[in-house]
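Read off the chains here:
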Amino acid sequence: MTRANPRIAVLGTGAQGASIGADLLRAGLDVTYIEQWPAHVEAMRERGIEVRLPDETHVTPVHPLHLCEVATLREPFDIVFIVVKAYDTRWVAELIAPHVADNGLVVGLQNGMTQDAIAAAVGPHRTMGAVIEVASNMFEPGIVNRQTPVAGSWFAVGAYDDSARGREPEIQAVLSHTGRVDVSDDIRSSKWMKLVANAGELVPSAILDLPLASAVALPGVHDFMIECGKEAARAALADGSRLVPIFGLTDDAVTDPDRYASDLLGAVLDGFSLPDTKTTVLQDWMKDRHGEYAEVNGLIVSVLEAAGQDAPYNAHTVHLAREIEAGRMPRSVDNLDVLLDVPRRD
Ligand SMILES: NC(=O)C1=CN([C@@H]2O[C@H](COP(=O)(O)OP(=O)(O)OC[C@H]3O[C@@H](n4cnc5c(N)ncnc54)[C@H](OP(=O)(O)O)[C@@H]3O)[C@@H](O)[C@H]2O)C=CC1
Ligand SMILES: CC(C)(CO)C(=O)C(=O)O
């Protein structure tokens, strides 16, 4: 068990981490922000963290640490939420490992299968996997736009393996200040289901440089996204996972892999995004940062390849994302034809 008033760190206080941390602070919890964007740390020190929600804005005082100040920490954390991009997980997990209490818990509030890197750094007995379904963005230091209010936000938490099982309520109690939290008895499968939704949404809409809802409305794009999700569902099964309900759906909602991919995309569009919601990958590209395409679409390609199956839609998505990041093509709605022109194996 962690302490009654656990010492909590949020490691990565961008779009998601900053607003989640603010809800925990406002609930009276002991929360330390750790962040590597210097201007953002300085803005929060000066003005607090401003969270703009659809119906209210709140400003919460916070004393964030620059990443380089982690070396000065002496008291261990009972709970660490890692809220960086999936590709940064491994090194931040190693950075924080010496500062996690012996019976502490580390939770990756991220897309992608980041729980493996966390478990490798801090041990499976201190690792919780999580699924996060909240739409947020951050373009200015010190200011977050959280588009999903607490009442509409959804999380799942689940033990990495049996050595951490039974401790989910400790995380559920903390995160319930920022959304609904379901406990998953098979978090690997739950995280795979999030990838089923992510596969079509995140990178394809960013390739078109459009909010998710505008991208889906273009001819052919919805079908393209569903094909990405179907490949992801097949990858989940090939990886030994199961189709399980997420986003607060029930067992009855879980259908065959093809239909479920479409239902999950529908659930995100209906319940977890606004007409102007830009996916996390488009936000990265707008900020000249790297997107999580390898950890989403790339993972699906490699898992299916290992199982002797191909994943043409996700492979094509990875290819176009690489072209964009290399500066060989712009992200643009003019990419519609090239996006839909999926190379086929003969
Ligand atoms: N945003 C969303 O709507 C959703 C995000 N997720 C997932 O949540 C996880 C965290 O994502 P998210 O919070 O969006 O990521 P962000 O990129 O907003 O925040 C993560 C980190 O990015 C940095 N950062 C952000 N903007 C800048 C900038 N302009 N200049 C310099 N540094 C910057 C910060 O430092 P640094 O990178 O330097 O560490 C921050 O720690 C990801 O796995 C994502 O896929 C899941 C659902 C929806
Ligand atoms: C589409 C969005 C923004 C959530 O609405 C997202 O990025 C995700 O589900 O991971």
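Relevant structure appears above.
Being a predicted model, the structure only gives us computed values, none of them experimental.

Caption draft 1: Examining the packing of aromatic side chains more closely. Counted according to the given criterion, the structure contains 3 aromatic pairs. On the numbers, 5.9 Å between centres and 85° between planes, the contact of Trp 154 with Phe 247 is edge-to-face. Taken together, the positions of Trp 154 in strand β11 (residues 154-159) and Phe 247 in the loop between α8 (221-238) and α9 (257-271) put the pair 93 residues apart, joining distant regions of the chain. Relative accessible area serves as the criterion here: at 7%, Phe 247 is assigned to the buried category. Summarising the aromatic geometry, the rings of Phe 224 and Tyr 313 are spaced 5.4 Å apart at their centres and angled 70° between planes, so their arrangement reads as edge-to-face. One end of the pair, Phe 224, is in helix α8; the other, Tyr 313, is in helix α12 (residues 312-325), with 89 residues separating them in the sequence. Across this residue pair, the class does not change: Phe 224 and Tyr 313 are buried. One aromatic cluster is present, formed by Trp 154, Phe 247 and Phe 272 through successive ring pairs.

Caption draft 2: Structural view of the packing of helix α6 (residues 187-207) against helix α11 (residues 293-306). Put simply, α6 and α11 touch, their axes get as near as 9 Å, and they point 115° apart. When the axes of α6 and α11 are compared, the pair comes out roughly perpendicular. The crossing of α6 and α11 is left-handed. Where α6 approaches α11, its residues Trp 192, Leu 195, Asn 198, Ala 199, Leu 202 and Val 203 are matched on the opposing element by Tyr 293, Glu 295, Val 296, Asn 297, Leu 299, Ile 300 and Val 303. Looking at side-chain class alone, the contact of α6 with α11 contains 10 nonpolar, 2 polar and 1 charged residues.

Caption draft 3: Just the environment of Val 183, in detail. Within the secondary structure layout, Val 183 lies in strand β12 (residues 180-183). On the basis of relative accessible area, Val 183 is assigned to the partly exposed category, the value being 42%. With 139 residues separating them along the chain, Val 183 and Arg 322 place their C-alpha atoms 36 Å apart.

Caption draft 4: Fine view of the sheet that holds strand β8 (residues 127-133). Spatially, β5-β2-β1-β6-β7-β8-β11-β12 is the arrangement adopted by the 8 strands of the open sheet, whose pairing is mixed. Of all the strands in the sheet, the pair left with one neighbour each is β5 (65-66) and β12. The sheet contact formed by β11 and β12 spans 4 bridges and is parallel. Residue pairing across strands places Trp 154 opposite Arg 180, the latter belonging to β12.

Caption draft 5: Representation of the site of ligand 2 in the model. Lining the immediate environment of ligand 2, one finds 13 residues, of which Asn 111, Glu 133, Lys 194, Asn 198 and Phe 272 sit closest. At a separation of 3.0 Å, an oxygen atom of ligand 2 approaches a polar side-chain atom of Asn 111. Within the contact set of ligand 2, an oxygen atom lies 2.6 Å away from a backbone nitrogen or oxygen of Phe 272. Protein chains shield 94% of the accessible area of ligand 2, which is 280 Å² for the free molecule. The class makeup of the residues in the shell around ligand 2 is 5 nonpolar, 5 polar and 3 charged.

What counts, and at which threshold
All residue numbers refer to position in the chain's written sequence, counted from 1. Lettering of chains starts at A and numbering of ligands starts at 1, both following the order in which they are written. Only residues with pLDDT of 70 or above have their local features reported here, since the model is predicted, and side-chain atom pairs are shown and tallied only from 80 upward, although totals for entire chains, interfaces and linings are computed over all residues. The basis for every side-chain value is the complete set of non-hydrogen atoms in the structure, without hydrogens or water. Two rings belonging to Phe, Tyr or Trp (six-membered ring only in the last case) form a pair when the distance between their centres is within 6.5 Å. Interplanar angles under 30 degrees mark stacking, angles over 60 mark edge-to-face geometry, and anything in between is tilted. The secondary structure listing takes helices from DSSP runs of H or I that are at least 4 residues long and strands from runs of E that are at least 2 residues long, numbered from the N terminus. Burial status follows relative accessibility: with a 1.4 Å probe on protein chains alone, a residue under 20% of its type maximum counts as buried, one over 50% as exposed, and anything between as partly exposed. Convention adopted: a line fitted to C-alpha atoms gives each axis, helices being fitted over their contacting stretch, and angles between N-to-C directions are expressed from 0 to 180 degrees. Angle categories are assigned with fixed cut-offs, so that under 35 degrees is roughly parallel, over 145 is roughly antiparallel, 65 to 115 is roughly perpendicular, and the rest are oblique. Working rule for handedness: look at the near helix, and if it is turned counterclockwise from the far one by less than a right angle, call the crossing left-handed; if clockwise, right-handed. Residue contacts follow a heavy-atom distance rule, with two residues in contact if any of their heavy atoms lie within 4.5 Å. Under this grouping Gly is polar, as are all residues other than the nonpolar Ala, Val, Leu, Ile, Met, Phe, Trp, Tyr, Cys and Pro and the charged Asp, Glu, Lys and Arg. One bridge is not enough; two strands pair if DSSP finds at least two bridges between them. Any residue with a heavy atom lying within 4 Å of a molecule or strand is counted as near it. Side-chain atoms alone can form a polar contact between residues adjacent in sequence; in general such a contact is a pair of N or O atoms within 3.5 Å, and within protein one must be able to donate a hydrogen while the other accepts it. Here the accessible surface of atoms and residues is derived via Shrake-Rupley with a 1.4 Å probe, and residues count as covered only by protein chains that are part of the display.

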